[in-house]
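# Residue-level structure breakdown
Okay, here's what each chain looks like letter by letter:
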Amino acid sequence: MNDQTTDSPLSKVIRERRSIKANYTDDPVDESLIMDILDDAVWAPNHGLREPWRFIFVSSEEKENFLEKLVLTFPKEMQENRRQYFKQPAAFLIIVVPEDPRQKQREEDFGAVSCLIQNFQLLAWEKKLGVVWKTNPHIVDPKVRSLLGVKPGEKIIGFLHLGFFKEESIPLGRTRTNPREKLTRFQDI
């Protein structure tokens, strides 16, 4: 850390937030909580206020039904492994974006959605809701796209795995490289 670091509530939550991949409690994740978080998360910067996102929520109550349909999209020999993998989170939020044919807009949209997801993760952390953004190969599988009603011209940007966490199960934080080591001044190029 450097001597210019502030201890504001925002910098604290940014530094303390972790991706929670397992060890969730049995508490269900309620749609109203997800909507409360999304109400703030959508204030992410986005070019031209295109708001290039839509959401598919798989509630804790619907998870088993979804899980049984999802595992059938995998080869038979992988289905039990995937069932165990997807069983861990209490719920899922799937983020879908338009695939703009223009490269600049497509990249702007990806940046905007990434900001939205970071907002979501930070806001969820304050509520002890663990989140991990997963971009496994199934997000491009035509069978998964069909299961989720993803239309041509849209792309799944990821599955957010959701579940409440216990304080004692928070993974240790890793250090970050000091940004001064990655800064080049134009005058030095």
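Keep in mind that this is a model prediction, so the values were computed, not measured.

## Some words on the nonpolar core
Counting residues in hydrophobic clusters, the biggest one holds 25 residues, and the most contacted among them are Val-29, Ile-34, Leu-93, Phe-120, Leu-129, Leu-160 and Leu-162. Per element, the largest residue contribution to this core is six residues, and it comes from helix 5 (residues 103-126). Other than its neighbours up to four places away in sequence, Val-29 contacts Ile-34, Phe-57, Ser-60, Ala-90, Ala-91, Leu-129, Leu-162, Gly-163 and Phe-164. In this structure, Phe-66, Leu-67, Phe-74 and Phe-92 belong to the second largest nonpolar core, which totals 18 residues.

## Concerning the packing of aromatic side chains
Scanning the entire structure with this criterion turns up eight aromatic pairs. Here Phe-86 and Phe-159 contribute two aromatic rings whose centre-to-centre distance is 6.3 Å and whose plane-to-plane angle is 45°, an arrangement assigned as tilted. Separated by 73 residues along the polypeptide, Phe-86 in helix 4 (residues 79-87) and Phe-159 in strand 4 (residues 154-164) bring together distant segments of the chain. According to the relative accessible area criterion, Phe-86 is buried, its value standing at 0%. Measuring from ring centre to ring centre gives 6.2 Å for Phe-92 and Phe-159, while their planes differ by 75°; the resulting arrangement is edge-to-face. Remark: Phe-159 occurs in strand 4 and Phe-92 occurs in strand 2 (residues 91-98); sequence separation between them is 67 residues. Judged by relative accessible area, which is 0%, Phe-159 ranks as buried. Joined through ring pairs, the aromatic side chains of Phe-66, Phe-74, Tyr-85, Phe-86, Phe-92 and Phe-159 make up one cluster. Taking the ring centre of Tyr-85 as reference, the NZ or CZ of Arg-82 above it sits at 4.2 Å.

## Structural notes on a negative patch on the surface
A cluster of acidic residues, Asp-30, Glu-31, Glu-61 and Glu-62, forms a negative patch at the surface. Turning to its location among the elements, Glu-61 is positioned in the loop between strand 1 (54-58) and helix 3 (63-71).

## Re unusual backbone geometry
Its identity is not glycine, yet Glu-51 carries a phi of approximately 45°, on the positive side. Here Glu-51 lies in the loop between helix 2 (31-41) and strand 1. Given the relative accessible area of 45%, Glu-51 is considered partly exposed. The phi torsion at Lys-128 lies on the positive side, around 60°, for a residue other than glycine. Along the chain, Lys-128 turns up in the loop between helix 5 and strand 3 (129-134). Owing to a relative accessible area of 39%, Lys-128 belongs among the partly exposed residues under this scheme.

## Section: the sheet that holds strand 1
A sheet is described by the order of its strands in space; here four strands give the open sequence 1-2-4-3, paired in antiparallel fashion. Edge positions in the sheet fall to strand 1 and strand 3, since each has one partner strand and no second. Shown here is a sheet whose adjacent strand axes are inclined to one another by a mean of 25°, direction ignored. In this sheet, strand 4 lies alongside strand 2 in antiparallel orientation, the contact comprising eight bridges. Bridge pairing in strand 4 links Ile-95 to Gly-158. Here helix 3 sits on the sheet and contacts strand 1, strand 2 and strand 4; the angle it forms with strand 2, its principal contact strand, is near 60°.

## A word on helix 3
Those residues of helix 3 that sit buried are Lys-63, Phe-66, Leu-67, Leu-70 and Val-71. Buried residues of helix 3, viewed axially, fall in a sector of 120°; they line one side. Close packing links the buried residues of helix 3 with strand 1, helix 4, strand 2, helix 6 (142-147) and strand 4.

## Regarding the side chain of Arg-145
For Arg-145, the position within the fold is in helix 6. Within the buried set, Arg-145 has no salt-bridge partner at all; the shortest N-O distance to an opposite charge, 5.1 Å, is to Glu-99. What Arg-145 contacts, discounting residues up to four positions off in sequence, is Ile-139, Val-140, Val-150, Lys-151, Pro-152, Glu-154, Lys-155 and Ile-156.

Criteria and cut-off values
Residues numbered from 1 in each chain as written. Predicted model: local features only at pLDDT ≥ 70, side-chain atom pairs only at ≥ 80, totals over all residues. Heavy atoms only, no water. Core = buried A, V, L, I, M, F, W, Y, C linked by side-chain atoms within 4.5 Å. Buried < 20%, exposed > 50% of the residue type's maximum accessible area, 1.4 Å probe, protein only. Helix = DSSP H or I, 4+ residues; strand = E, 2+ residues; numbered from the N terminus. Contact = heavy atoms within 4.5 Å. Phe/Tyr/Trp six-rings, centres within 6.5 Å; stacked < 30°, edge-to-face > 60°. Lys NZ or Arg CZ within 6 Å of the ring centre and 35° of its normal. Patch = residues over 30% accessible without salt bridge, like charges linked within 9 Å, V, L, I, M, F, W, Y side chains within 5 Å. Areas by Shrake-Rupley, 256 points an atom, 1.4 Å probe, with all protein chains shown as cover. Salt bridge = Lys/Arg side-chain N within 4 Å of Asp/Glu carboxyl O. Lys, Arg positive; Asp, Glu negative; His and termini not counted. Charge placed at Lys NZ, Arg CZ, Asp CG, Glu CD. Pairing = 2+ DSSP bridges. Axes fitted to C-alpha atoms, helices over the stretch in contact; angles between N-to-C directions. Arc of directions from axis to C-beta.

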